[in-house]
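# Summary of the model geometry
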Amino acid sequence: MDVGGAYGGGKAGAPFDPITFVQRPQVILRAVCLLFAIIVFGCISSQGWQPEPGKKGVEVCLYNKNGNACNYGVGIGVIAFLASIGFLAGEYLFEQMSSVKTRKHYVLGDLGFSGFWAFLYFVGFCYLSNQWGKSEETPVGTSNMQAAIAFSFFSIFSWAGCAWFAYQRFRQGSDAAFAPSYDADPSSVPGGAPYSSYPVGPDADGGYQEPPFSGSQNRGPGDFQAPAY
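Predicted, not measured: the structure shown is a model, and the values here were computed from it. (Residues numbered from 1 in each chain as written. Predicted model: local features only at pLDDT ≥ 70, side-chain atom pairs only at ≥ 80, totals over all residues. Heavy atoms only, no water.)

### Some details on empty space enclosed by the protein
Unfilled space is identified by rolling a water-sized probe across the atoms. As a reminder, the rule being used: The rule is simple: put a 1 Å grid over the protein atoms alone, call a set of points where a 1.4 Å probe fits but cannot get out a cavity, call an open set with protein on both sides within 12 Å along at least five of seven lines a pocket, and count a residue as lining if it has an atom within 4 Å of a point. Grid points are joined across faces, edges and corners, and a volume is the space filled by probe spheres set on the points. Secondary structure elements follow DSSP: runs of H or I no shorter than four residues count as helices, runs of E no shorter than two count as strands, and numbering proceeds from the N terminus. Note that Gly is not counted as nonpolar here; it falls among the polar residues with everything else outside the nonpolar set of Ala, Val, Leu, Ile, Met, Phe, Trp, Tyr, Cys and Pro and the charged set of Asp, Glu, Lys and Arg.
Using the criterion set out here, one finds one cavity of 30 Å³ or more in the structure. What the largest cavity holds in volume is close to 50 Å³. Gln26, Leu29, Arg30, Glu91, Asp110, Cys162, Phe165 and Ala166 are the residues that line the largest cavity. Listing elements by their share of the lining of the largest cavity, those giving two or more residues are α2 (25-47) and α5 (142-177). Taken together, the residues that form the lining of the largest cavity break down as four nonpolar, one polar and three charged.

Right under this line is the structure:
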């Protein structure tokens, strides 16, 4: 089924314009989410684990020596990174989706995942901030740990923005699906007019008329008279 404008997308099969694509708010916000995810898991992975003094071969997480905090930050960052790539590919393919149902499923998936990941980043920000406040000062890794916390906070709004755009798409698609059809009322078509009935002649409603010569045709043999001279 060929669609045009369903769920905020253009008509399927339209030529791809890279300039227009990179200027779309959804694409820009996805790129921001991708960048923030790299910073979060990159900072924790690079200097989040440091050797524990006095114990050879043992590394501890700088977030209050809580390994779960480091694992949580890296986990949500890596998944957000992969999801951002997937959604960027989805944005590229969105214009080529000719099925309204396929677009609807994509928009709902975007809405659910983005909203859920914004919540996970909020939990991560609170968790990492709490553990960092209880941590001892270290000569290395401090800036990285603080950067991971800061960009976890920024990621809350970037993913929430993605969820908002997905919600707007869903609203637009729903409104289009339940829009009144012009087929129901011909007078609603611009420039149109209701259908008129077939014109009826002036004698259409008149009574029954006797056919001509009906009197002569109904006479019997005895009713016929000879003319007088």
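### Thoughts on the packing of α2 against helix α3 (residues 67-94)
Rule in force here: Only the stretch in contact is used when fitting a helix axis, every axis being a line fitted to C-alpha atoms; angles between N-to-C directions are given from 0 to 180 degrees. For classification purposes, angles smaller than 35 degrees are called roughly parallel, those larger than 145 roughly antiparallel, those between 65 and 115 roughly perpendicular, and all remaining angles oblique. Put simply, a crossing is left-handed when the front helix is turned counterclockwise from the back one by less than a right angle, and right-handed when it is turned clockwise. What makes two residues a contact is simply this: any of their non-hydrogen atoms within 4.5 Å.
In the contact formed by α2 and α3, the axes pass within 8 Å of each other and the chain directions differ by 155°. Compared by their axis directions, α2 and α3 come out roughly antiparallel. Read as a crossing pair, α2 and α3 show a hand that is left-handed. Residues Gln26, Val27, Arg30, Ala31, Cys33, Leu34, Ala37, Ile38, Val40, Phe41, Ile44 and Ser45 of α2 touch α3, and the partners they reach there are Cys70, Gly73, Val74, Gly77, Val78, Ala80, Phe81, Ser84, Ile85, Phe87, Leu88 and Glu91. The class makeup of the residues in the contact of α2 with α3 is 17 nonpolar, five polar and two charged.

### Here we look at α2
At 3.6 residues per turn, the α-helix brings residues three or four places apart onto the same side. Filter applied, for reference: A helix's residues, less one, multiplied by 1.5 Å, set its expected span. In this scheme, a residue with accessible area under 20% of its type's maximum is buried, one over 50% is exposed, and one in between is partly exposed, where area comes from a 1.4 Å probe on protein chains only.
Look at α2: 33 Å from first C-alpha to last across 23 residues, which is about the 33 Å you get at 1.5 Å a residue. Those residues of α2 lying buried are Gln26, Val27, Leu29, Arg30, Cys33, Leu34, Phe36, Ala37, Val40, Phe41, Cys43 and Ile44.

### Overview of the UniProt feature "transmembrane region" (unreviewed entry) in the chain
Heads up, the rule is: UniProt positions are given in the numbering used here, feature names are shortened, and annotations may be inferred rather than shown by experiment.
Mapped onto this structure's residue numbering, the UniProt feature "transmembrane region" (unreviewed entry) falls at residues 27-49, 72-94, 106-128 and 148-167. Split by type, residues 27-49 is 91% helix and 4% strand. Its first and last C-alpha atoms lie 34 Å apart. The span residues 106-128 shows a helical share of 100% and a strand share of 0%, and its end C-alpha atoms are spaced 32 Å apart.

### Considering the state of the cysteines
Test applied: Note on terminology: disulfide denotes any pair of cysteine sulfur atoms within 2.5 Å.
For the coordinates displayed, the defined rule picks out one disulfide. A sulfur-sulfur separation of 1.8 Å characterises the disulfide bridge that pairs Cys61 with Cys70. One disulfide, between Cys61 and Cys70, carries an S-S torsion of 80° and so falls in the right-handed class. The burial state of Cys61 is the same as that of Cys70; both residues are buried. No disulfide involves Cys162; its nearest neighbouring cysteine sulfur is the one of Cys33, lying 3.8 Å away.

### Examining the pattern of salt bridges
Put simply, the rule reads: By definition, a salt bridge exists where a carboxyl oxygen of Asp or Glu is found within 4 Å of a side-chain nitrogen of Lys or Arg.
Under the criterion given, the structure shown has four salt bridges. The salt bridge involving Arg24 is made with Glu91; its shortest N-O contact spans 2.9 Å. Linking Arg24 in the loop between α1 (18-22) and α2 with Glu91 in helix α3, this pair joins segments that are 67 residues apart in sequence. Looking at Arg24, the relative accessible area reads 13%, which means it is buried. Here Glu91 makes a salt bridge to Arg169, at a shortest N to O gap of 2.8 Å.

### Regarding α3
The following threshold applies: Polar contacts, as used here, are pairs of N or O atoms within 3.5 Å; protein pairs need one atom able to donate a hydrogen and one able to accept it. Residues neighboring in sequence count only if both atoms are side-chain atoms.
In this model α3 runs 40 Å from its N-terminal to its C-terminal C-alpha over 28 residues, within 8% of the 40 Å that 1.5 Å per residue would give. The N-cap residue of α3 is Asn66: its side-chain oxygen and the backbone nitrogen of Asn68 are 3.1 Å apart.

### Description of a nonpolar patch on the surface
Threshold: Grouping into patches uses exposed residues only, defined as over 30% relative accessible area, and leaves out salt-bridged ones; the cut-off is 9 Å for like charges and 5 Å for nonpolar side chains (Val, Leu, Ile, Met, Phe, Trp, Tyr). Shrake-Rupley sampling with a 1.4 Å probe provides the accessible areas, and residues are treated as covered by the protein chains on show and by no other component.
On the surface, Phe116, Phe119, Phe122 and Val123 cluster together to form a nonpolar patch covering roughly 380 Å² of accessible area. Looking at the secondary structure, you find Phe116 in helix α4 (residues 100-133).

### Considering the packing of aromatic side chains
To be explicit about the condition: Between rings of Phe, Tyr and Trp, where Trp is taken as its six-membered ring, a pair exists when centres lie within 6.5 Å; planes separated by under 30 degrees are stacked, by over 60 edge-to-face, and by other angles tilted. By the criterion adopted, a ring carries a charge over it if an Arg CZ or a Lys NZ lies within 6 Å of its centre and within 35 degrees of its normal.
Applying the stated criterion to the full structure yields 17 aromatic pairs. Ring pairing ties together the aromatic residues Phe87, Phe94, Tyr106, Phe113, Phe116, Trp117 and Trp159, which thus form one cluster. Directly above the aromatic system of Phe94 lies the positively charged group of Arg103, at a separation of 5.0 Å from the ring centroid. Lying across the ring of Phe94, Arg169 places its NZ or CZ 4.3 Å from the centre.

### So, the layout of surface pockets
In this structure, the largest pocket occupies an estimated 280 Å³ of space. If you trace the largest pocket, you find 14 residues lining it, with Val60, Leu62, Lys65, Glu136 and Thr138 closest to the centre. Going through the elements one at a time, β1 (49-51) and β2 (59-61) are the ones with two or more residues in the lining of the largest pocket. Residues of the lining of the largest pocket, tallied by class, amount to seven nonpolar, four polar and three charged.

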